[in-house]
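Coordinate analysis (summary)
The residues making up each chain are set out below.
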Amino acid sequence: MTVGKDVSALFPDVVNCMQTDNLELKKLVYLYLMNYAKSQPDMAIMAVNTFVKDCEDPNPLIRALAVRTMGCIRVDKITEYLCEPLRKCLKDEDPYVRKTAAVCVAKLHDINAQLVEDQGFLDTLKDLISDSNPMVVANAVAALSEIAESHPSSNLLDLNPQSINKLLTALNECTEWGQIFILDCLANYTPKDDREAQSICERVTPRLSHANSAVVLSAVKVLMKFMEMLSKDLDYYGTLLKKLAPPLVTLLSAEPELQYVALRNINLIVQKRPEILKHEMKVFFVKYNDPIYVKLEKLDIMIRLASQANIAQVLAELKEYATEVDVDFVRKAVRAIGRCAIKVEQSAERCVSTLLDLIQTKVNYVVQEAIVVIKDIFRKYPNKYESVIATLCENLDSLDEPEARAAMIWIVGEYAERIDNADELLESFLEGFHDESTQVQLQLLTAIVKLFLKKPTETQELVQQVLSLATQDSDNPDLRDRGYIYWRLLSTDPVAAKEVVLAEKPLISEETDLIEPTLLDELICYIGTLASVYHKPPSAFVEGGRGVVHKSLPPRTASSESTESPETAPAGAPPGEQLDVIPTQGDLLGDLLNLDLGPPVSGPPLATSSVQMGAVDLLGSGLDSLMGDEPEGIGTPNFVSPPAAAAVPANLGAPMGSGLSDLFDLTSGVGTLSGSYVAPKAVWLPAMKAKGLEISGTFTRQVGSISMDLQLTNKALQVMTDFAIQFNRNSFGLAPAAPLQVHAPLSPNQTVEISLPLNTVGSVMKMEPLNNLQVAVKNNIDVFYFSTLYPLHILFVEDGKMDRQMFLATWKDIPNENEAQFQIRDCPLNAEAVSSRLQSSNIFTVAKRNVEGQDMLYQSLKLTNGIWVLAELRIQPGNPSFMLSLKCRAPEVSQHVYQAYETILKN
């Protein structure tokens with residue numbers, strides 16, 4: 001059997017041998033049973049009597065062997081026969097039998113969960129947590145954790161201070177794997193206050209000196225999690241930080257594979273609490289015989305720990321690494337020097353001179369990496385190190401990698417006024433324009449436009465050439481669009497073009513590769529698991545039916561709220577400034593827990609965000625239908641007006657003198673008061689869910705402005721103050737355009753009405769359903785969350801009327817499969833009334849005709865993100881049911897537009 005031969009035919013004969021008293025033979029028979037029971041389920045029933053008998057054997061080894069084998073025979077037919085023997089073994093006087101039976105419950109639950117629950121085995125398992133034997137406790141915890149993982153909603157491990165105390169007592173006496181089970185269980189517990197958290201930390205700390213690295217990492221996970229609840233002013237907090245460093249350093253003396261796992265976990269710990277290892281820089285210096293994966297990981301941590309105190313040491317090391325033979329390692333080392341310059345301002349000069357020394361080596365890949373990082377240094381410290389540009393220009397011919405070429409082009413374009421032959425240098429790149437990667441093409445287009453704006457007389461031909469290459473000869477939509485925008489800018493208003501293209505750039509932050517705070521907090525809860533090695537939450541790589549629970553660090557208790565010093569704030573985030581977070585949709589409100597309540601963006605930017613939905617057409621009615629000859633006389637400087645052959649989107653042809661504002665004009669026609677339908681206020685957040693705060697509201701659109709009309713009622717017994725609001729990312733970028741203004745404290749039983757202006761320039765993420773809006777409201781009591789559905793007609797803009805020719809062309813252009821048909825019942829209005837009512841909500845009638853006694857209304861509307869929706873409404877006089885056909889390039893919105901029609905016409 002063990003050499004791969006099929007001996008299942010001997011099943012009856014082997015089962016007969018089960019009666020033997022020889023323990024060794026019995027083990028072999030049970031091994032055979034486990035292997036073949038699944039293929040011979042009917043024969044396996046023959047073994048049930050022996051199991052029952054063996055579970056009452058005077059020898060505890062045989063009792064345990066029987067119960068272990070029972071758990072491994074995955075045959076539904078015999079599981080119910082095994083319940084009685086298992087119940088006896090769970091209450092056996094011998095701890096070895098009890099610990100084996102505990103694991104058997106988890107195995108049986110995997111085969112038949114309902115049976116285990118009906119037989120009450122789960123309650124017996126919970127009782128085993130109070131067992132006197134530590135190994136039984138550890139196995140009971142392991143079994144309950146396993147069952148809880150496959151049933152996240154069940155509250156099996158209902159931990160309380162008493163059970164935690166029992167687990168901590170068992171922790172000192174059980175085996176290393178038992179310790180890991182108990183520590184992982186402790187990590188899922190949230191202490192009620194900082195005193196309990198400190199008490200648990202004190203009893204877990206001795207595990208840090210364990211010989212097994214898995215025990216050490218599990219202990220680190222518990223301590224990292226509970227440290228969140230400790231005040232930084234406590235003496236114990238400082239002691240704990242000091243105790244965490246040595247075990248982590250010790251892990252780095254193991255074999256390379258273990259080192260790698262340790263380094264990946266340390267990478268997370270250093271991002272969360274850099275102060276733990278700030279004095280341990282030397283242990284991360286690379287050894288000559290380290291494998292490449294360990295070297296790269298150490299390098300990453302070195303940069304994270306670099307500070308003014310140790311930068312000289314770090315730079316000396318990095319310069320040494322840059323002369324190694326391993327190409328990947330050398331590249332990373334050169335990049336690291338640049339990152340150090342950006343992170344530690346005092347070292348920037350020394351880093352730049354080190355990079356220049358490396359460029360002098362003329363080693364191709366070293367030169368290219370150096371140029372890439374010098375570009376970032378220029379972005380961080382403008383007008384400081386530009387004297388090195390001459391040296392960089394000497395190496396222009398040796399650049400063959402897209403990133404290095406793009407960086408060099410950026411430098412030439414940005415500092416064109418300091419480089420005498422900038423036009424010649426950029427022209428040399430232009431010769432092979434179509435062979436370049438997109439990254440280089442985009443950079444070259446921008447650089448030449450910058451050069452033209454700085455030296456217009458000398459570079460007229462060059463800019464004409466690049467715009468022509470980008471718009472006519474390229475099939476890359478990004479490149480074409482950028483080309484058209486520059487062309488239109490230059491042809492209508494060169495002054496505005498200068499302000500846009502040569503605008504002052506924001507300084508780059510030092511840490512661009514930090515993990516987002518919410519994800520980092522979740523990964524800290526998974527230290528010592530595969531998630532901490534991948535740096536991804538389990539939901540990203542675990543498939544199958546098992547529910548993956550999102551974990552997060554416990555909130556700080558009131559007594560532990562202390563302002564972080566700049567030194568302990570996450571690297572790269574200036575004190576008091578939150579890092580941006582990209583929440584997943586599954587995580588209800590992403591980073592809204594960190595309510596970033598600075599003043600919101602006021603006024604729309606030039607271009608509104610576009611929602612990412614399938615093939616959404618940013619030009620609304622499609623590029624092809626908008627193509628046309630440009631009206632003559634457009635554009636003041638004649639040298640950049642496009643040739644007649646160049647196909648330019650007609651809606652970019654701005655009237656004379658309208659300048660930049662018209663290029664992105666989304667507001668023409670605004671000004672007439674629009675009486676858009678307003679739904680009555682509904683309760684969005686009941687008082688019982690928000691500690692006494694009740695929020696009702698509705699959405700309105702008037703004169704082109706969207707607002708959320710809120711009614712806040714205080715049904716609590718205390719005064720409410722300090723109100724603030726934040727929206728999660730949503731499909732159309734809805735965001736507050738001003739803070740939530742509640743001018744006076746809200747007393748008990750008082751109600752206040754507020755109109756919150758909204759704009760559509762927030763972050764965009766497709767929601768399910770499309771019009772779902774997740775909101776967080778904060779006051780002096782807590783942060784409360786709710787979600788609501790906004791009616792889509794608040795997003796219908798005032799310039800949504802399409803001319804007839806365009807309507808016809810667009811209707812034909814949109815594929816038939818994008819057409820959706822709906823019926824609107826019980827609506828007794830005539831065509832005139834329908835048209836007038838819809839127009840008040842920005843649904844415009846483009847044309848009307850009568851076909852065989854039916855009124856046909858052809859209508860258009862446009863959403864705030866530029867999506868056009870075309871409609872055909874058939875009205876039979878005297879019949880209260882209308883037929884509505886909708887066509888749109890983003891068919892996802894059709895259902896919601898139909899709902900808007902229903903709402904407007906029936907109210």
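Quick caveat: nothing in here was measured; it's all calculated off a predicted structure.

1. Here we look at the overall build of the chain
Per the secondary structure count, the chain includes 36 helices and 15 strands. Of all 907 residues assigned to the chain, the portion counted as buried reaches 51%. For the chain, the share of sequence-separated contacts (at least 6 apart) that also reach a separation of at least 24 residues comes to 68%. Within the structure as shown, the chain displays about 41,300 Å² of accessible surface, and the carbon and sulfur contribution to it stands at 51%.

2. Concerning the pattern of salt bridges
Taken as a whole and judged by the stated rule, the model has 33 salt bridges. In this structure, Glu 753 and Lys 681 form a salt bridge, with 3.3 Å as the shortest nitrogen-oxygen distance. Note that Glu 753 is positioned in strand 8 (residues 751-759) and Lys 681 in the loop between helix 33 (659-663) and strand 3 (682-685), a separation of 72 residues in sequence. Since its relative accessible area comes to 36%, Lys 681 is described here as partly exposed.

3. Re the nonpolar core
Leu 86 and Phe 378 are the most contacted members of the largest nonpolar core, which has 204 residues in total. Contacts of Leu 86, omitting those with residues within four sequence positions, involve Val 67, Met 70, Ala 101, Cys 104, Val 105, Leu 108 and Phe 121. With 63 residues, the next largest nonpolar core counts Phe 727, Leu 792, Ala 890 and Tyr 901 among its residues.

4. Looking at the side chain of Ser 532
Looking at the secondary structure, you find Ser 532 in helix 31 (residues 530-534). Residue classification places Ser 532 among the buried residues on the basis of a relative accessible area of 0%. Engagement of the side chain of Ser 532 in a polar contact is seen with the side chain of Asn 265, the distance being 2.7 Å. At 3.4 Å, the side chain of Ser 532 forms a polar contact with the backbone nitrogen of Gly 528.

5. Description of the packing of aromatic side chains
In this structure the tally under the stated criterion is eleven aromatic pairs. Positioned above the aromatic ring of Phe 329 is the side chain of Lys 295, whose terminal nitrogen or guanidinium carbon lies 5.1 Å from the ring centre. Geometry around Tyr 381 places Lys 384 over its ring, the cationic atom sitting 5.5 Å from the centre.

6. Here we look at helix 26 (residues 438-454)
Spanning 17 residues, helix 26 covers 24 Å between terminal C-alpha atoms, matching the ideal 24 Å at 1.5 Å per step. Counting buried positions over the 17 residues of helix 26 gives 14, a clear majority of the element.

7. Regarding the packing of helix 35 (residues 831-839) against helix 36 (residues 894-906)
Across the interface, helix 35 lies against helix 36 with an axial gap of 10 Å and an inter-helix angle of 110 degrees. Overall, the two elements helix 35 and helix 36 adopt an arrangement that is roughly perpendicular. In this structure, the crossing between helix 35 and helix 36 has a hand that is right-handed. Residues Val 834, Arg 837 and Leu 838 of helix 35 pack against Tyr 901, Ile 904, Leu 905 and Lys 906 of helix 36.

8. Description of a nonpolar patch on the surface
A surface patch of nonpolar side chains, about 260 Å² in accessible area, is lined by Leu 25, Leu 28 and Leu 31. Overall, Leu 28 belongs to the exposed group, its relative accessible area being 53%.

9. As for the sheet that holds strand 13 (residues 854-862)
Reading across from one edge, 11-15-14-13-12 is the order of the five strands in this open sheet, with antiparallel pairing throughout. The outermost strands of the open sheet, each flanked by one partner alone, are strand 11 (819-824) and strand 12 (844-851). Strand-to-strand twist across the sheet, computed as the mean angle between neighbouring axes with direction ignored, equals 20 degrees. Note: strand 13 against strand 14 (residues 868-875), eight bridges, orientation antiparallel. Within the sheet, the bridge partner assigned to Asp 855 lies in strand 14 and is Ile 875. Packed onto the sheet, helix 34 (residues 804-813) meets strand 11, strand 12, strand 13, strand 14 and strand 15 (882-888) and runs at close to 95 degrees relative to strand 14. Contacts from helix 36 reach strand 11, strand 13, strand 14 and strand 15, with the element oriented near 25 degrees to strand 11.

10. Considering a negative patch on the surface
Together, Glu 424, Glu 427, Glu 431 and Glu 461 make up a region of like negative charge exposed at the surface. Along the chain, Glu 427 falls in helix 25 (residues 422-430). On the basis of relative accessibility, which here comes to 40%, the residue Glu 427 falls in the partly exposed class.

11. Here we look at helix 24 (residues 402-414)
For helix 24, built from 13 residues, the straight-helix expectation of 18 Å at 1.5 Å per residue is met to within 8% by its first-to-last C-alpha distance of 18 Å. Looking at helix 24, one finds that the buried residues are Ala 404, Arg 405, Ala 406, Ala 407, Met 408, Ile 409, Trp 410, Ile 411, Val 412, Gly 413 and Glu 414. Packed against the buried residues of helix 24 are helix 22 (364-380), helix 23 (389-394), helix 25 and helix 26.

What counts, and at which threshold
Residues numbered from 1 in each chain as written. Predicted model: local features only at pLDDT ≥ 70, side-chain atom pairs only at ≥ 80, totals over all residues. Heavy atoms only, no water. Helix = DSSP H or I, 4+ residues; strand = E, 2+ residues; numbered from the N terminus. Buried < 20%, exposed > 50% of the residue type's maximum accessible area, 1.4 Å probe, protein only. Contact = heavy atoms within 4.5 Å. Areas by Shrake-Rupley, 256 points an atom, 1.4 Å probe, with all protein chains shown as cover. Salt bridge = Lys/Arg side-chain N within 4 Å of Asp/Glu carboxyl O. Core = buried A, V, L, I, M, F, W, Y, C linked by side-chain atoms within 4.5 Å. Polar contact = N/O pair within 3.5 Å; in protein donor to acceptor, adjacent residues only side chain to side chain. Phe/Tyr/Trp six-rings, centres within 6.5 Å; stacked < 30°, edge-to-face > 60°. Lys NZ or Arg CZ within 6 Å of the ring centre and 35° of its normal. Expected span 1.5 Å × (residues − 1). Axes fitted to C-alpha atoms, helices over the stretch in contact; angles between N-to-C directions. Parallel < 35°, antiparallel > 145°, perpendicular 65-115°, else oblique. Left-handed = near helix turned anticlockwise from the far one by under 90°. Patch = residues over 30% accessible without salt bridge, like charges linked within 9 Å, V, L, I, M, F, W, Y side chains within 5 Å. Pairing = 2+ DSSP bridges. Lys, Arg positive; Asp, Glu negative; His and termini not counted. Charge placed at Lys NZ, Arg CZ, Asp CG, Glu CD.

Scope: geometric values only; no functional claims are made or implied.
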